[in-house]
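Chain residues, written in single-letter form:
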Amino acid sequence: MRTVFWEDNKVKMIDQRLLPGTFVLAEFDTVEGIARSIREMYVRGAPAIGATAAFGMALAALRSQATDREGLLADLRAAKATLDAARPTAVNLSWATARLLTLAEQTQADVDALRQALLAEAQAVADEDVEINRRMGFHGAELIPDGANVLHHCNTGALAAVDFGTALGVIYACQEQGKRIHVWVDETRPRLQGARLTAWELMRAEVPMHLIADNAAGHLMRTGQVDVVIFGADRVAANGDVANKIGTYKLSVVAKENGIPVYAVVPTSTIDLNLPDGDHIPIEERGPEEVTHIGETVIAPENVPVYNPAFDVTPHRYITGIVTEEGVCYPPFTQSLRKAKEAAEARIAARRRQR
Ligand SMILES: CSC[C@@H](O)[C@@H](O)C(=O)COP(=O)(O)O
């Protein structure tokens, strides 16, 4: 089953807040509901957020009462503002809403045809995501030797995308190729995406793994038990600086200190060429309860002051390569990322002409 999909004029998604204990689908049929599903993390992971936001724009078009093109465009611009505000770091969100809005602005058609075109484009965003992840998996698997111990942070699997996943997609591709891989799964405090989601996914896929406390990663790297570090990203700046789940920076620095290669696996929709470097990437701050509670259990004194940044930036000098659907980008990233992004945009334009 896909993580997020369109059915009966609604957006349906696996409610990731409840995993691994409970598997249920949530459904939303308003733009505000979609924004809430992203903000409250029913759905999370950069590509999954992007696909959800694309469906949100399609919903906005279908629900719009506008009878002329200008009225519909105004409703779409309002929907984009609502959706983009849901979470700030993953650029896939505004990339997807911009893709749909731009299509609407550039298509000369009556409102009903425009509505159908937007729904088709949202579905294309979701379908392309699955295909892109498979291509990244194939490119990334080339970098992982048979028998490797791979350290992974956060959740980048099928749940973080429409299906298959980014960095975990590389692991799944290795498995399909018959490589013997073992994964060290960082628990990923404070929201525990590693323990709750990645461990759940890898166990279902029967990939050999061990769940580790985040603080164990340095010890494993220094004692020669890690061959490769891989993770996804929520935004990559033009110079190759990578914003990903909090804790990624620390991992990458320790990996470099120990001579271990570090790969980020990202669709080109995660590359933001408008930002020169990682210092310009907005870092989401989330609520204190993520730190003071585990589930219902309180683990800190009442009213303790908390600071909870959800992402950090890893400067590009700690990144060995960035795997995209167009191939692996190496330094100088300023050039290689631009080339990958342009190739992907040409591919999207060609696909659209075929439809
Ligand atoms: C496809 S995964 C890349 C990132 O989106 C992932 O590693 C991550 O940091 C997700 O954070 P989350 O806060 O769970 O949405």
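Everything numeric here is computed off the predicted structure, so don't read it as measured data.

Parameters at a glance
- Within each chain, residue numbers correspond to sequence positions counted from 1 in written order.
- Thresholds applied to this predicted model are a pLDDT of at least 70 for local features of residues and 80 or more for the giving and counting of side-chain atom pairs; totals over whole chains, interfaces and linings are not thresholded and use all residues.
- Side-chain calculation: all heavy atoms of the structure are included, whereas hydrogens and water are not.
- UniProt positions are given in the numbering used here, feature names are shortened, and annotations may be inferred rather than shown by experiment.
- A run of H or I in DSSP counts as a helix once it spans at least four residues, and a run of E counts as a strand once it spans at least two, with each numbered from the N terminus.
- Note on contacts: a residue pair qualifies if any of its non-hydrogen atoms lie within 4.5 Å across the two residues.
- Buriedness of a pocket was judged along seven lines, with at least five required to meet protein on both sides within 12 Å; pockets are open sets of points on a 1 Å grid over the protein atoms alone, cavities are sets where a 1.4 Å probe fits but cannot get out, and lining residues have an atom within 4 Å of a point.
- Grid points are joined across faces, edges and corners, and a volume is the space filled by probe spheres set on the points.
- Here the nonpolar group is Ala, Val, Leu, Ile, Met, Phe, Trp, Tyr, Cys and Pro; Asp, Glu, Lys and Arg are the charged ones; every other residue, Gly included, is treated as polar.
- Start and end positions for the domains come from either an automated domain assignment or a database one.
- In the sections that follow, a salt bridge refers to a side-chain nitrogen of Lys or Arg positioned within 4 Å of a carboxyl oxygen of Asp or Glu.
- The buried label goes to any residue with under 20% of its type's maximum accessible area, the exposed label to any with over 50%, and the partly exposed label to all in between, with areas taken from a 1.4 Å probe on protein chains only.
- Note on definitions. A residue lies near a molecule or strand when any single heavy atom of the residue is within 4 Å of it.
- Side-chain atoms alone can form a polar contact between residues adjacent in sequence; in general such a contact is a pair of N or O atoms within 3.5 Å, and within protein one must be able to donate a hydrogen while the other accepts it.
- In this description, a molecule resides in a pocket or cavity if more than half of its atoms sit within 2 Å of the grid points defining it.

A. Structural detail: the UniProt feature "site: Transition state stabilizer" (unreviewed entry) in the protein. UniProt's feature table lists "site: Transition state stabilizer" (unreviewed entry) at Cys-154, given in the numbering used throughout. Mapped onto the elements of the fold, Cys-154 is located in the loop between strand E4 (149-152) and helix H6 (167-176). Setting aside chain neighbours within four positions, we find Cys-154 in contact with Arg-44, Thr-188, Gln-193, Gly-194, Thr-198 and Lys-245.

B. Inspection of empty space enclosed by the protein at higher detail. With the rule as written, the count across this model stands at three cavities of 30 Å³ or more. What the largest cavity holds in volume is close to 270 Å³. What lines the largest cavity is a set of 22 residues, among which Trp-95, Glu-128, Ile-132, Glu-325 and Ile-348 lie closest to the centre. Every element with two or more residues in the lining of the largest cavity is listed here: helix H2 (46-63), helix H4 (92-106), helix H5 (111-141) and helix H11 (333-354). Its residues assigned to classes, the lining of the largest cavity shows eight nonpolar, four polar and ten charged. The residues that make up the lining of the largest cavity include at least three from each of domain 1 (4-130) and domain 2 (135-352). Approximately 160 Å³ is the volume found for the second largest cavity. Looking at the second largest cavity, it is lined by 21 residues, and the ones nearest its centre are Arg-44, Gly-45, Ala-46, Asn-155 and Asp-234. For the lining of the second largest cavity, the secondary-structure elements that each account for two or more residues are H2 and strand E9 (242-245).

C. Structural context of the UniProt feature "active site" (unreviewed entry) in the protein. According to UniProt, the "active site" (unreviewed entry) feature falls on Asp-234. Inspection of the secondary structure puts Asp-234 in the loop between strand E7 (228-231) and strand E8 (235-237). Beyond its immediate stretch of four places on either side in the chain, Asp-234 contacts Ala-46, Thr-89, Ala-90, Val-91, Asn-92, Ala-243, Asn-244, Lys-245, Thr-270 and Phe-311.

D. Inspection of the pattern of salt bridges at higher detail. Applying the stated criterion to the full structure yields 25 salt bridges. Between Arg-2 and Asp-127 there is a salt bridge, with its nearest N and O atoms 2.7 Å apart. Pair noted here: Arg-2 is in the segment before strand E1 (4-7) and Asp-127 is in helix H5, with a separation of 125 residues, a long-range link. A relative accessible area of 34% places Asp-127 in the partly exposed class. Ionic pairing is found between Glu-40 and Arg-36, a salt bridge with its closest N-O pair at 3.3 Å. Classification of Arg-36 by relative accessible area gives partly exposed; the value is 32%.

E. Structural detail: the environment of Ala-264. Note on placement: Ala-264 falls in strand E10 (residues 262-265). Judged by its relative accessible area of 0%, Ala-264 is buried. Once the C-alpha coordinates of Ala-264 and Asn-244 are considered, the two residues, 20 residues apart in sequence, prove to be 9.2 Å apart. Apart from residues no more than four positions distant in its own chain, Ala-264 is found in contact with Phe-231, Gly-232, Val-242, Gly-321, Ile-322 and Val-323.

F. Highlighting the site of the ligand. Of all residues adjacent to the ligand, which total 18 residues, the nearest are Arg-44, Ala-46, Arg-87, Gln-193 and Lys-245. Between the ligand and Arg-44, the relevant distance is 2.8 Å, taken from an oxygen atom to a side-chain nitrogen or oxygen of the residue. The separation between an oxygen atom of the ligand and a polar side-chain atom of Lys-245 is 2.7 Å. More than half of the atoms belonging to the ligand lie within 2 Å of the grid points that define the second largest cavity. Looking at side-chain class alone, the shell around the ligand contains seven nonpolar, seven polar and four charged residues. Built from parts of two domains, the shell around the ligand gets at least three residues from each of domain 1 (4-130) and domain 2 (135-352).

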